[in-house]
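So you can see what is in the structure, the chains are spelled out below.
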Amino acid sequence: MIYVRDTPAGPGIASRLGVTPGTIRKWRCAGRGPHTFRIGGRIVAHIKDIEAYATTGERHAPRRAA
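A brief look at the structure comes next. (Residues numbered from 1 in each chain as written. Predicted model: local features only at pLDDT ≥ 70, side-chain atom pairs only at ≥ 80, totals over all residues. Heavy atoms only, no water.)

## Description of the packing of aromatic side chains
What counts, and what does not: We call Phe, Tyr and Trp rings a pair once their centres come within 6.5 Å, taking the six-membered ring for Trp, and we label the pair stacked below 30 degrees between planes, edge-to-face above 60, and tilted otherwise. Helical segments are the DSSP runs of H or I of at least four residues, strand segments are the runs of E of at least two, and each set is numbered from the N terminus. Exposure is judged per residue with a 1.4 Å probe applied to protein chains only, and the accessible area is read against the type maximum: over 50% gives exposed, under 20% gives buried, and values in between give partly exposed. Ring-over charges, as used throughout, are those where CZ of Arg or NZ of Lys falls within 6 Å of the ring centre and within 35 degrees of the ring normal.
All chains considered together, the criterion is met by one aromatic pair. Considering the side-chain rings of W27 and Y53, the 5.7 Å spacing of their centres and the 55° angle between planes classify their relative orientation as tilted. Of the two residues, W27 sits in helix 2 (residues 21–30) while Y53 sits in helix 3 (residues 47–56), which places them 26 residues apart along the sequence. Among the residues examined, W27 registers a relative accessible area of 15% and is labelled buried. For Y53, a relative accessible area of 13% corresponds to the buried category. The side chain of R42 reaches across the aromatic face of Y3, ending 3.9 Å from its centre.

Have a look at this one:
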């Protein structure tokens, strides 16, 4: 799993997609962008979902309830 922002463990969702963390938040509110969910108040995503979105530019599955 990866976070929206970069961490010492590696680049975050925003960096991998070439957008700002604010854009990720806006996409989330609009129901767009890659599938993300919350863990402990932080927005995270599975790497496979980010890679799929980066490849196709769209989400493959509807947003799942966390």
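Still more ground to cover, so stick around.
## Let's talk about the side chain of T36
Stated precisely, the cut-off is as follows: Contacts described as polar in this section are N or O atom pairs within 3.5 Å, which, within protein, must combine one atom able to donate a hydrogen with one able to accept it, while residues neighboring in sequence count only if both atoms come from side chains.
With respect to the secondary-structure elements, T36 resides in the loop between helix 2 and strand 2 (37–39). Under the relative-accessibility criterion, T36 is labelled buried at 3%. Polar contacts involving the side chain of T36 include one to the side chain of R28, which spans 2.8 Å.

## Details of the sheet that holds strand 3 (residues 42–45)
Using the following cut-off: By this definition, two strands are paired if DSSP reports at least two bridges between them.
Ordered by their spatial adjacency, three strands build an open sheet running 1-3-2, and the pairing between neighbours is antiparallel. In this open sheet, the two strands that pair with only one neighbour each are strand 1 (2–3) and strand 2.

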